[in-house]
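What the coordinates show
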Amino acid sequence: MAELREVQITEEKPLLPGQTPEVAKTHSVETPYGSVTFTVYGTPKPKRPAILTYHDVGLNCKSCFQPLFQFGDMQEIIQNFVRVHVDAPGMEEGAPVFPLGYQYPSLDQLADMIPCILQYLNFSTIIGIGVGAGAYVLSRYALTHPDTVEGLVLINIDPNAKGWMDWAAHKLTGLTSSIPEMILGHLFSQEELSGNSELIQKYRNIITHAPNLDNIELYWNSYNNRRDLNFGRGSDITLKCPVMLVVGDQAPHEDAVVECNSKLDPTQTSFLKMADSGGQPQLTQPGKLTEAFKYFLQGMGYMASSCMTRLSRSRTASLTSAASIDGNRSRSRTLSQSSESGTLASGPPGHTMEVSC
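Reading the values: the criteria
- Residues numbered from 1 in each chain as written.
- Predicted model: local features only at pLDDT ≥ 70, side-chain atom pairs only at ≥ 80, totals over all residues.
- Heavy atoms only, no water.
- UniProt positions renumbered as here; feature names shortened; annotations may be inferred.
- Buried < 20%, exposed > 50% of the residue type's maximum accessible area, 1.4 Å probe, protein only.
- Helix = DSSP H or I, 4+ residues; strand = E, 2+ residues; numbered from the N terminus.
- Pairing = 2+ DSSP bridges.
- Polar contact = N/O pair within 3.5 Å; in protein donor to acceptor, adjacent residues only side chain to side chain.
- Contact = heavy atoms within 4.5 Å.
- Arc of directions from axis to C-beta.

Under the annotation held in an unreviewed UniProt entry, the protein carries the name Protein NDRG2 and is attributed to Ceratotherium simum simum. Its UniProt record, at the heading Function (unreviewed entry), says of the protein: "Contributes to the regulation of the Wnt signaling pathway. Down-regulates CTNNB1-mediated transcriptional activation of target genes. May be involved in neuron differentiation."

Below, the structure is given as structure tokens:
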């Protein structure tokens, strides 16, 4: 497997007291479906999986995940795990525009690139964090390689193929809206777009003036041509690892995530609906998502000594995990709401609960 590029980048961000700058190594490897670029932060930790992220359409690994992984409380997590941020082909910074007629990989083929990444890095297992199209890609990968996935955080996942009504609506929208506007409608709620906040202005500018907009359109088309994941509760086609589903209240994909939750194993699935987070919780509410992710990791048997302080400090809800032991690792979590007093409320083991926080 040929390596095309490897560079070292020092991440620019404010450092916490006693914290040293992270060194990132960016690699590109050839796969049966073309080259894929990914950036590795940290060093592998013994007996711990890598955290692997996959971004949504219109974004890349930085614009999708940087606010989350630069958040102060996240530093405790990233010190304990090596992480791999994957850019979909042609989405990395400085990517050349694909030639006219280029056949962009399907989402299934993007999932089939991940084993090449793990083989190149000699990583055996991952905890995946995916948003939108990236959540679909990681889910598809987990279905075909279940032994290599220890857990999944799926934000804004839509596991269904587009139906005829969806296609008709998509085509009609395409007659009156530009590609950037359609992608923005995929990423953010109409309320957010109408409000035109600083965040919306920033991402509208990023997408509208992207030098690789033609590449982004190809990724967008692959997403809209996705196959149904065919999840079914009690079916053989299901995610066998712990899963945390995340969606913002009133987000464009709220109904799809709720439906996905109904199709997955309730003993393995946690559902987190985040209030006041809009369409991209990892951008608007990185603190709440970090706290939930810590509990998710604790439920899997990692970071048992981690202090959970932010949500209980700040307001009404804190999240707790109800764990059932599978060998040496807990495999079942429950997210639940606490009382106003800040004490932790636990639910029955293996129960999936909606949480607004």
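So, about the pairing of strand β4 (residues 50–54). Burial runs high along β4: five of the five residues are buried. Residues of β4 alternate between two faces, with Ala50, Leu52 and Tyr54 on one and Ile51 and Thr53 on the opposite face, all of them buried. Strand direction decides the pairing type here: β4 and strand β6 (residues 126–131), joined by five bridges, are parallel. Bridge pairing in β6 links Tyr54 to Gly130. Here four bridges tie β4 to strand β5 (residues 83–87), and the two strands are oriented parallel to one another.

Glancing now at the side chain of Gln280. Tracing the chain through its elements places Gln280 in the loop between β9 (269–274) and α11 (281–284). Accessibility expressed as a relative area gives 1% for Gln280, which makes it buried. Reaching out from Gln280, the side chain makes a polar contact with the side chain of Gln282 at a distance of 2.8 Å. Apart from residues no more than four positions distant in its own chain, Gln280 is found in contact with Asp56, Leu59, Val131, Asn156, Leu187 and Phe188.

Looking now at helix α10 (residues 254–263). Buried within α10 are the following residues: Glu254, Ala256, Val257, Cys260 and Asn261. With its buried residues spanning 165° around the axis, α10 presents them on a single face. Buried residues in α10 make contact with β8 (243–248) and β9.

A few words on the environment of Asn80. With respect to the helices and strands, Asn80 occurs in the loop between α2 (75–78) and β5. Looking at Asn80, the relative accessible area reads 25%, which means it is partly exposed. Spatially, the C-alpha atoms of Asn80 and Tyr302 are 9.1 Å apart, while their sequence positions differ by 222 residues. If we skip the residues at most four places from it in the chain, Asn80 touches Lys45, Arg48 and Met303. Reaching out from Asn80, the side chain makes a polar contact with the backbone oxygen of Glu76 at a distance of 2.6 Å.

Here the focus is helix α6 (residues 179–187). With seven of nine residues buried, α6 is to be regarded as a mostly interior element. Here α6 has its buried residues at Ile179, Pro180, Met182, Ile183, Leu184, His186 and Leu187.

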